[in-house]
Every structure is written in structure tokens, then in C-alpha cells.
Amino acid sequence: MITRVVKQNENNIDSSVMAEAGRIIKDGGLVAFPTETVYGLGGDALNPESSKKIYAAKGRPSDNPLIVHIYRFEDLRRIVKNVPEKAQKIMDAFWPGPLTIVFEKTDEVPYETTGGLDTVAVRFPIHPTAMAFIEAAGGFVAAPSANLSGRPSPTLAEYVIEDMDSRIEMIIDGGDIPIGLESTIVDVTGEIPMILRPGFVTKEMLEEVVGEVSVDPTILDVNCTARPKAPGMRYRHYAPKADLMIVRGDEDRVADEIRRLLSAAKAEGKRTGVICTDETIGKFDADVVRSAGSRADMSSVGASLYRILREFDDENVEVAFSESFDGDGFCMAIMNRLVKAAGHRILEV
Ligand code: AMP
Ligand code: MG
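Source: prediction; values computed, not measured.

Student: Account for the overall build of the protein chain, with residues named and values stated.
Tutor: The secondary structure content of the protein chain amounts to 12 helices and 16 strands. The globule rule puts the C-alpha radius of gyration for 349 residues at 20 Å, and the 20 Å found for the protein chain is close to it. Each principal axis of the C-alpha distribution contributes one length, and for the protein chain these read about 60 × 50 × 35 Å. By the burial criterion, 56% of the 349 residues in the protein chain qualify as buried. Summarising the internal contacts of the protein chain: among those between residues at least 6 apart in sequence, 67% fall at separations of at least 24.

Shown next, in the form of C-alpha cells:
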């Protein structure tokens, strides 16, 4: 299959490109598109054959459900059985935006899309290109991240091309992605809303709107072996080829320890990498040293994490060390992805 790559400026959307992308989806094909979180790999959410194709293109296990993307509130009722009061409040506050909500599904949503579950995860993105594309595609686009299973989610069209070329009909290149980590997922089917995947919309932000919010305990405890409630969270996503270790503790001690570990790795002849920050970038000497951004602006760290992991792969980094990003708010999302990328290896100093 030949994959067409088309550039789209979100401030000047080309309706003929959107019409063509929409036609591909309605005909059962696949199109990758930009959103505010990461690039998505879209297919018709109400067509079971399309969902099967998404799993095949990604090499993703088919028990890992897809998120259904909509572009207007009116369409929600067709795919969800009921909208609990707390869900309504959350939607009013954060939709459109980087937040996915899990509801009970209607019969219109095939089990192929929900990985056999009776619930459906729904997202209403705010990215103008995503919205125009979903509308052109008929209103219901199933989309996981547009990476091969096991690779970091793509934050640049180049990475989508790397993973999806010749596997799908079209890639819409929307340039840089602002957030860079996947949406927050919150399950509203129980009494207390539960975060199944942390993201840009934080626990604190949700609690301001609906009161108590819980977090799937498997997200918080790095040593936890219980089964996460979002099926996708149990796979080892976001895995770089390098052996990555997080070093956590006081800033100076972390830098000392990373330098010591780098010397040991170099002595073994390994290619080395470091993920640090603007504040510490001068302290390290490795083959690939990358600042994820400033500690004064955690959103910059979230936006560059996946790009750095891909760069390590491209540079054939074999052993890498990262500073830790502990704290409230968006840090929970950053650490959740970083801990997975590190295969849960954290060194306390
Ligand atoms: P991705 O599209 O790559 O961001 O992955 C989708 C994520 O949403 C995976 O972690 C899924 O397990 C999760 N998800 C999708 N649908 C549901 C659902 N009905 N219940 C719980 N988690 C879901
Ligand atoms: Mg993904």
C-alpha cells in the first residue's frame, strides 16, 4: 500500500484534503492525524473491520480497546448508554480537550472497537485538524496512538511515517504536537471517578470539578503487579531500545550518581544517553545528552519525553539514565510514562 502524506496547517485547513481523508475512513481505510496529545491512527469506530485493521497496522493485541473520538457533544448519546451527573460536569469543564472518559457503551459500538468490553472510552479533542477530520469521517473515529505497538507514541509526523508507512492510506502531517503525552483517561462508571491513565488534565483539576477522584492503584505504585483497569496500561509501552534507569533523589547526588554510572557504562564500551533538564544539562558527559525542558515548566518535559526516547533509538543508545520528575499535577503523567519506559527500574540515591 502507498501511504499518502499531506501537510495540514491547523489555522488554514484544506477542506478537499479533509474530504479525501473522510472518504478513506468511510471506505474502511485508515488515516493518521494530529491531536493535541499525540498523533492518532484513525478508522471508522462503528465498523468492526476498521478496528481490526487498526490492530493489525499497529501490531497491537486486540484485547486492548481503542478510544472513540467525536467532534461534537450531540453525538455522544449514540455511543454511550448514559451520562452520569459527574461525567457531565467533567465534560462541561474539559471537553473539548485532552481527556478521555469511559462510559457504558451502546450496541452501536462494536466489540472489536472496545476490545470485548461493555464500556467505551470517548474523547473529544480540541485540535482543529482533528475536529475537522472526525467530522469529515462521519463523526466517530476509533484511534489509538499512531505508533507500532511497543514504541513511544508519535509526537511528530516523521515518527508516524517511520512506523506506519505502507501500512495505512494517509498520514495528515500537522507538525508539532503541543502536549506530547496521551490523554488522561477517567472512568465514570463507578460512584467515584477513577483515573486509569494520568495525563495533562490532572487529578487536582478533576477534583475541583467533581470532588473526590481516585487513581487506579497500579499507576501510583511502581512495584505493583496487580492488573490495571485500562487494559492497555498493562503492556510495556513506550520502551526504548536502550536499558533506561531513573535516578531519584537530591539534585546534586543524582548528578553524581548518573556521572558514576555513565563512567561504568563507558568502561564497558556502551553507547550512553542522559535525560536531564535545562538546569542540569552542563553536568553530564554522555554520547547523547538531552534536556527534556525546564523544571520550572513541566509541560515542556512532557512535550519532549517521547521525542527523546525515539532519538535514543535512532542514535543506538544502549544504556541511558534519567533524572526523576516527582510531584503533583502533570508530573504524575510524566513519571507514569518514564517509569514504564525504564521497565520500572528506579535507583534511589
Ligand atoms: P491509546 O489509544 O494508544 O492511547 O490507548 C488507549 C488506551 O485507552 C489504552 O490504555 C486502553 O486500555 C484504554 N481504554 C480504551 N477503552 C477503554 C475502556 N473501555 N476501559 C478502560 N480503558 C480503556
Ligand atoms: Mg498508545
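Still more ground to cover, so stick around.
Student: Could you give me a rundown of the sheet that holds strand S14 (residues 288-291), with the residues and numbers involved?
Tutor: Read from one edge to the other, the open sheet built from five strands follows the order S14-S13-S15-S12-S16, with strand pairing classed as parallel. For this open sheet the edge positions go to S14 and strand S16 (346-348), each flanked by a neighbour on one side alone. Neighbour-to-neighbour, the strand axes of this sheet turn through a mean angle of 20 degrees, independent of strand direction. Bridge count for strand S12 (residues 243-248) against strand S15 (residues 319-323) is five bridges, and the pairing is parallel. The partner of Leu-244 across the bridge, within S15, is Ala-320. With respect to the sheet, helix H11 (residues 298-314) is in contact with S12, strand S13 (272-276), S14 and S15, its orientation differing from that of S13 by roughly 170 degrees.

Student: Hey, could you go over the site of ligand 1 for me, with residue numbers and the actual values?
Tutor: Taken together, the neighbourhood of ligand 1 is formed by 21 residues, with Thr-119, Pro-144, Ser-145, Arg-197 and Gly-232 sitting nearest. Arg-197 places a side-chain nitrogen or oxygen 2.7 Å from an oxygen atom of ligand 1. Within the complex, 96% of the 500 Å² of free accessible area of ligand 1 lies under protein. Within the residue set of the shell around ligand 1, elements represented by two or more residues are strand S6 (119-123) and strand S10 (194-197). Of the residues forming the shell around ligand 1, the biggest block, three residues, is contributed by S6.

Student: A description of the nonpolar core should follow, citing residues and the corresponding values.
Tutor: In this structure, Leu-76, Trp-95, Leu-99, Ile-101, Phe-103, Val-122 and Leu-206 are the most contacted members of the largest nonpolar core, which totals 45 residues. Secondary structure elements with two or more residues in this core: helix H2 (48-58), helix H3 (76-79), helix H4 (85-94), strand S5 (99-104), S6, helix H7 (157-164) and helix H8 (203-210). Looking at this core element by element, the count peaks at four residues for H4. Apart from residues no more than four positions distant in its own chain, Leu-99 is found in contact with Ile-90, Phe-94, Val-122, Arg-123, Phe-124, Ser-183, Thr-184, Val-186, Val-201 and Leu-206. Counting 28 residues, the second-largest nonpolar core is a separate cluster that includes Ile-179, Ala-292, Met-298 and Phe-325.

Each value, and the rule that gives it
- Residues numbered from 1 in each chain as written.
- Chains lettered and ligands numbered in written order.
- Predicted model: local features only at pLDDT ≥ 70, side-chain atom pairs only at ≥ 80, totals over all residues.
- Heavy atoms only, no water.
- Helix = DSSP H or I, 4+ residues; strand = E, 2+ residues; numbered from the N terminus.
- Rg over C-alpha atoms; globule rule 2.2 N^0.38 Å.
- Buried < 20%, exposed > 50% of the residue type's maximum accessible area, 1.4 Å probe, protein only.
- Contact = heavy atoms within 4.5 Å.
- Pairing = 2+ DSSP bridges.
- Axes fitted to C-alpha atoms, helices over the stretch in contact; angles between N-to-C directions.
- Near = heavy atom within 4 Å.
- Polar contact = N/O pair within 3.5 Å; in protein donor to acceptor, adjacent residues only side chain to side chain.
- Areas by Shrake-Rupley, 256 points an atom, 1.4 Å probe, with all protein chains shown as cover.
- Core = buried A, V, L, I, M, F, W, Y, C linked by side-chain atoms within 4.5 Å.

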